[in-house]
Amino acid sequence: MHPTRKRLVYGIAFTLPALLIFLLFTFYPFVSSLYYSFTEWDIVSKPKFIGLDNYRNLLDDRLFIRSAVNTLTICLFVVILQNPLSLLLGLVLNKPFRSSYFLRTAFYLPLIVSLVVISVTWSNLLQYDGVFNEILIRLGAETIIRDWLGTTSTALSSIILIQLWYGTGYGAVIYLAGLQSIPHEVYESAQIDGAQGWSKFRFITFPLLMPSFTICTFLGMVGALKFFEMPYIMTNGGPGDATSTLALVIYNFAFKNNTFGYATAAGILFMIAISIVTALQLKLTRSREVEY
Amino acid sequence: MKKLVLTLLTTCLVTVFSLAGCGNNEAGNSSASPSASPSASAVESASQGAASESPSASDDKPFKMRISAWFLTEGEGTNDAFKKAVEDKFKEKYPNGSIQWDNLTGEKYFDKLKAELASSSAADIIYSQQVPSLGKAGYLMDLSGEPWVSDMVDATKIVEAYDGKIYGAATTIQSFGFYYNKKIFADLGITPPKTFNELLAAGEKLNAAKITPITVGFKDQWTLDYFFGGYAQLAQALTSPTFEADVFNGTQQLDGPETISAIDKFTQLAQKNMFNKSALSIDWPQTQIEFASGKAAMIYQGPWMAQVTEDTFTSKGFDPFEVGFFPLSDENGKVIMGVGPDHSVSINAKTEHPQEAKDLLSLILSPELIAVHAGDGGMSGMKSANIEAKLPAMKELLDVLKNSPTTYQWGSYYPPSVKTGILNLVTKIIGGGKAGDGELDEVKKNYEKDKSLIILP
Amino acid sequence: MHSSSVRSLREKFFDRLLEIGMIILALLVLYPCYYMFEASVKLPKEFYEPLKFPSRIFWGNYDNVFERVQVGRALLNTLLICGGTLVLLIIVASMAGYTISRNRHKLFQILFVLFLAGMIIPFQTSMVPIYKLAQSLHLMNTRTLLVLLYTAGTIPFATMIYVGFTKGIPRELEEAASIDGYGPLRMYWLIIFPLLLPATGTLIVTTVFGFWNDFIGPLLYLTDKDKMTLITQIFVFKSERSSDWGGIFALCSLATLPLILLFVVTQKYMIKGLTAGAIKG
C-alpha cells in the first residue's frame, strides 16, 4: 500500500473511536432534535409537524426575549467586568509576594467547588435573614437590606456578582500563566528602551497576553451564554423572569410547559446565537495576537 | 516529569479509594433487591404472559414492581408506615414479589416522569397529577373495569378519566384554605376574617405586633399556584361554573375581570406587607417552620397542614399552639372551595406485570392503606376510607367543605404556559416589579399557541 | 546594570499595602466556603444566628447525613464515573488528537472542526433524544451512560489539548521509530503516549472537577438512589429536607473536601496545564 494511503488508514483507525462516541452521543441527538424543532410535541403524544411555527412564535415570545436579554447582560458583564478583573488579579498574583501560594489557592478555590454547593450556600447567605443582611445590619445599613434573590431589581445583579466571585479566579490563572511565559529578556529590553509602568503594560505585556485574552474572553462568553445551574438552583428564573437565562428558559419550555418542540426550536436558536457571538469574538481577538 | 505525574496520580487515587472504603453505609438501602436489572425481569415476565387471571405462586422467579412518586420522602410523616404496609401486604399475595420505591421529592419528579414515559422506562405504578393527559397519550392502563372504581369519590372521577375511560384514582384529595395560630389571634383580639378586607385588617394588626401575617414559600411555585388560584377560581366560578371551558370556546376572556381581580388582590396583599420578606426565596418546608414557630400567624395550605404543624412542633421543639382553619373569601365574603385530587395513582400501560400491578393498585386503594397513607392530615379520594378528623383544624375544614359550594382547581383546563405566565406576573409584582407591560396579552398568545395541550372534561 | 533590583522604598511600601489588601480580599473570597464548613458543625438552633461562632463542634449533622444518605456509595459512584470517563476519554482523544496534529490529510482537519463545533451544542437540546437513545441501547439508569455522555462532551476540549501538545513532539522520533520497525500502534502507545503524559495530566486536572461536580447528568439519567453521585445527593437531600441546613451543609462539605485536597496537591500542575492548553490551543 502507498505509504500515505497506509497513514490514512491508520489515521482513520485512530480517530474512529472518538468519532463514533462523539457522533452517537453528541451529534445524533442534536440532529434528531432538529427534527423535533419543527414539531409540536408534549412528549406524551406523537409529535405533530408544524413547520416554522415554533420559530415564529419564539421571536415574538416575551419570556424568550427577556431571557435572551438577561443572558446577553450576563455576557456583557463577564466581558466588561470579569475579564479585566481577572487580568488585574493575574497581574497582582504575578507579583513576588510571600503569600502568593495562599493567594492563588484562595482565588481559584471557588472554581473547584460544585455549582450546586455554591448555589445552595449563596442562596442561604443572601436570604432575608441570612449572613449578608446580618452583617449589613451590624454595619448600621439596615435600610438597604432586602431579599436579594427575591427582589426583581436585585436578583440578576446578585447572581452576576456571585458569578464574578466564582469566575474571576479562572481567568486570573490563565493570565498568570500567560504572564509567566513572557521571557524576562522582553522586559529587560523594554526597560532599556525606557518603557515603564503603564506604557510597558500597554505596548509590551498586553499584546503578548493576547492569546490568553482570547481564551479568557472565549471561555467567559461561552460560559455566560450557557448560564444555567446558578439561576436554576437559586431562583429558577424568578422573580417573574428577572433571572431567566436562555439555557434555563429552554429547560422550562420543555419540562415546565410541556412544549418540547418549542423548547428544541429555542435550543437551535440558542446554538446559532452562541456560534455567531463566539465566531465574531474569536475573529476579533485572534487577529490581534502578537508573536514574539 | 513523568514520574512526578505518575506519583501524583497514584497518591490521589490511593487516598481517594481508601476514603471510599470506609463509611459504606448499607443501612439506608431498604426494600428491593437492587441487583435485579430491568432486562432480567423483562425475560421473566415475557414467560408470564399478559393478563393471566391466576395471581400468586404460579411462578417462582422473583420480580420487582416499581412505584414512582414525589412525596414519599423517607422518615417523614406516615410515609415509612405506608411503604411498609404496602410491602407487607403485597408480600402476602406475591411472596416472590418485591417493591422498589422510586421517589424523587419535589417538582423535578414530574420532569423526570415525562422523560421516562417518552422513553418507555417509567415505573409500573405511577403517581402523578396529570392523569387525563397521560391517559390521552396512551401511557396508562385502562382501569375502568377495576373493582374499586365505584369507591372513587364522585368529584374525582372526571379528573381521573379521559374519553370516558378511567385511568387512575385519587388516593388523597386536597382543598386549600387558611390555617392560623389561634393563640396569636386570641392575644391580639382578631377573629377569623370573613372577607378579603377583614383579612387585610387582620394583617395590619399583626404587622403592628411584628408578626408576619401570612407566611408564603413561593420558591415552590405550587404554593403560589394554589394560593393565587384560590382567588382566581373563586372569581371564575362566580361568573360561570364552566369558566375555563368557556374560555376554550371563546365565550369568556382569559384577561377578563376574574383574572384581573385576583391579580389585584395579590398586589394588595404584597403592598400591604401581608407576606414575609423572604416570600420568593423560601420554600414550603421553610414556611412550615415559620408557621410552627409562631413567627407567622397564617399560612395558606392544603389539608395536611394541621398534621404537619403538629409534627413540626415535636421535631423542632417549638411551643405547640392550637391551629384553626378559615376559608379564603373575596371582598363580599363569598366562599367557594376548590377541590381536586392531590395524589393520583395509575398503572403504566407498558408494565410487564399487568396483573400484579392491578393487584398492587387495589391494595393501595384499599381503605386500610389509604388511611395509613393519609394519616391524620389527609382527605381520602376513596369513599370507603373514612379518615377521622382528630385535629380541630381538620374538623373545621371538613365543616366548611360540607357547607360551601365547590369548584375545580384553577388552571385545570389551561395550558401550563398560561399558568406560568400569570404566576410569573404575580411573582414579579411581589418582587417589587411593575406590571402592566402587556404580560396578559402574552398569556393570551400562549393560550392560543398551546391550546392543543388542553384536555376538557 | 541593576535593572529590576533597584526599587524605591515607595514602591516597596505600596507593594506591601497591596499584599495586605489582597490577603484580606482573599479571606473574603474564601468566606462562603468557610461558612459552609462552619454551618455544618453548628448546633441546629445556633444556625439561625449566622454570625455567631459555634459554641462547640457539633458532629450531629454529619451523623444525620451518614444515616440518611449512603455517602460511601455516592462517593464510589462519583469515583467510578470520573475514573471511567477519564480512562475512556484519554484513550480515544489522545489517539484522535495525535492523528489530527500529524496527518495533513484534509479529512482530519474537517474532523477537528466537527469536534469543535460540537462544543457549542447545549445539553438542553439533546436531553430527550438522549433519553430515547439510552433506552434503545439499554443504557438507562447506568453509570456507563454517563461515562459515554461525559466522554462525548469532552472530546472536543481533550482533542484540542492533545493536538497542541503533539506539536511539541519532534517528528524525528516517529521516523526513527518506524525505521526501528515499530508498527503504528506500538509506536503510539510505547513512545508517543508517554511523551504526552503532560497533556494527559493537564486534561485530568482540568476536567476532573467538572465530572465530579456535574449533577444534572445523574439527576436526569439515573433513577436508583444507590447509583447517584455525591453532588446529586446534595440536590436530592435539599429537595427532601430543605430546612435541615446543618445536614445540607454537612453533605456539601463532604462533597467538597476531597476536591480541595486534590486541588491543593495538584495546584501547580493545574496552572501549568491550563496555560499550556491556552497557549497552544
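Residues numbered from 1 in each chain as written. Chains lettered and ligands numbered in written order. Predicted model: local features only at pLDDT ≥ 70, side-chain atom pairs only at ≥ 80, totals over all residues. Heavy atoms only, no water.

**Student:** I'd like a description of the interface of chain C and chain A, backed by residues and values.
**Tutor:** By a frequent convention, interface size equals the accessible area lost on bringing the separate parts together. Of the residues lining the interface, 87 residues belong to chain C; the matching set on chain A comes to 84 residues. Surface buried jointly by chain C and chain A totals about 7800 Å² across both partners, of which 81% is contributed by carbon and sulfur atoms. Run the count over chain C and chain A and you get 5 residue pairs in polar contact (both at pLDDT 80 or more). Of the residues belonging to the side of chain C that touches chain A, the class tally is 67 nonpolar, 14 polar and 6 charged. (Contact = heavy atoms within 4.5 Å. Buried area = accessible area lost by both parts, 1.4 Å probe. Polar contact = N/O pair within 3.5 Å; in protein donor to acceptor, adjacent residues only side chain to side chain. Nonpolar A, V, L, I, M, F, W, Y, C, P; charged D, E, K, R; others polar.)

**Student:** Account for the sheet that holds strand E7 (residues 177–181) of chain B, naming residues and giving values.
**Tutor:** Residue and element names in this part refer to chain B. Read across the sheet, 4 strands follow the order E8-E9-E7-E10 without closing on themselves; strand pairing throughout is mixed. Among the strands making up the open sheet, the edge pair consists of strand E8 (212–214) and strand E10 (323–326). Geometrically, the sheet is characterised by an average inter-axis angle of 25° between neighbouring strands, direction not taken into account. In this sheet, strand E9 (residues 296–301) lies alongside E8 in parallel orientation, the contact comprising 2 bridges. Residue pairing across strands places Ile214 opposite Met298, the latter belonging to E9. (Pairing = 2+ DSSP bridges. Helix = DSSP H or I, 4+ residues; strand = E, 2+ residues; numbered from the N terminus. Axes fitted to C-alpha atoms, helices over the stretch in contact; angles between N-to-C directions.)

**Student:** Pulling in residues and values, what's your account of the packing of aromatic side chains?
**Tutor:** Enumeration over the complete set of coordinates arrives at 68 aromatic pairs over all chains. For the pair Tyr180(B) and Phe326(B), a centre-to-centre distance of 5.6 Å together with 50° between the ring planes defines the contact as tilted. Of this pair, Tyr180(B) sits in strand E7 while Phe326(B) sits in strand E10, and the two are 146 residues apart along the sequence. The two residues Tyr180(B) and Phe326(B) agree in class, both being buried. Between Phe13(C) and Phe14(C), the aromatic rings sit 5.9 Å apart at their centres with planes inclined by 50°, giving tilted as the arrangement. (Phe/Tyr/Trp six-rings, centres within 6.5 Å; stacked < 30°, edge-to-face > 60°. Buried < 20%, exposed > 50% of the residue type's maximum accessible area, 1.4 Å probe, protein only.)

**Student:** So what's going on with the nonpolar core? Residues and values would help.
**Tutor:** Of all hydrophobic cores here, the largest spans 219 residues; its most connected members are Phe25(A), Ile112(A), Tyr127(B), Trp148(B), Leu360(B), Phe215(C) and Tyr221(C). Per element, the largest residue contribution to this core is 15 residues, and it comes from helix H3 (residues 71–102) of chain C. Counting 78 residues, the second-largest nonpolar core is a separate cluster that includes Tyr180(B), Phe228(B), Trp410(B) and Tyr413(B). (Core = buried A, V, L, I, M, F, W, Y, C linked by side-chain atoms within 4.5 Å.)

**Student:** Break down the interface of chain B and chain A for me, with residues and values.
**Tutor:** Listed per partner, the contact involves 38 residues of chain B and 32 residues of chain A. Scanning the region where chain B abuts chain A turns up 3 salt bridges. Salt-bridge contacts for Lys295(B) lead to Asp129(A); the nearest nitrogen and oxygen are separated by 3.8 Å. Here chain B is connected to chain A by 8 residue pairs in polar contact (both at pLDDT 80 or more). For the side of chain B that touches chain A, the secondary structure elements donating two or more residues are helix H4 (108–118), helix H5 (131–136), helix H17 (416–430) and helix H18 (439–449) of chain B. Examining the composition of the side of chain B that touches chain A, we find that 6 residues originate from one element, H17(B), more than from any other. Considering only residue class, the side of chain B that touches chain A consists of 10 nonpolar, 15 polar and 13 charged. (Salt bridge = Lys/Arg side-chain N within 4 Å of Asp/Glu carboxyl O.)

**Student:** Go over the domain arrangement of chain B with me, naming the residues and quoting the values.
**Tutor:** All names here are of chain B. We note that the domain assignment places domain 1 (61–174 + 341–389) and domain 2 (175–340 + 393–453) within chain B. For domain 1 and domain 2, the distance between their C-alpha centres works out to 28 Å. Taken together, the contact between domain 1 and domain 2 spans 13 residues of the former and 21 residues of the latter. Summing both partners gives a buried area of about 1300 Å² for domain 1 against domain 2, and 57% of it is carried by carbon and sulfur. Viewed at the interface, domain 2 and domain 1 are joined by 0 salt bridges. (Domains from an automatic or database assignment.)

**Student:** Which residues make up the packing of helix H1 (residues 3–36) of chain A against helix H6 (residues 143–166) of chain C, and what are the values?
**Tutor:** As a packed pair, H1(A) and H6(C) sit with axes 9 Å apart at the nearest point and diverge in direction by 110°. By the criterion of interaxial angle, the relationship of H1(A) to H6(C) is roughly perpendicular. On the side of H1(A), the interface is formed by Ala18(A), Ile21(A), Phe22(A), Phe25(A) and Thr26(A), while H6(C) contributes Leu145(C), Leu148(C), Leu149(C), Thr151(C), Ala152(C), Gly153(C), Ile155(C) and Pro156(C). Looking at the contact of H1(A) with H6(C), its residues break down into 10 nonpolar, 3 polar and no charged. (Parallel < 35°, antiparallel > 145°, perpendicular 65-115°, else oblique.)

**Student:** Account for the side chain of Ser123(A), naming residues and giving values.
**Tutor:** All names here are of chain A. As for its placement among the helices and strands, Ser123 is situated in helix H5 (residues 115–125). From its side chain, Ser123 meets the backbone oxygen of Ser119 in a polar contact 2.5 Å long. Setting aside chain neighbours within four positions, we find Ser123 in contact with Leu149 and Met234.

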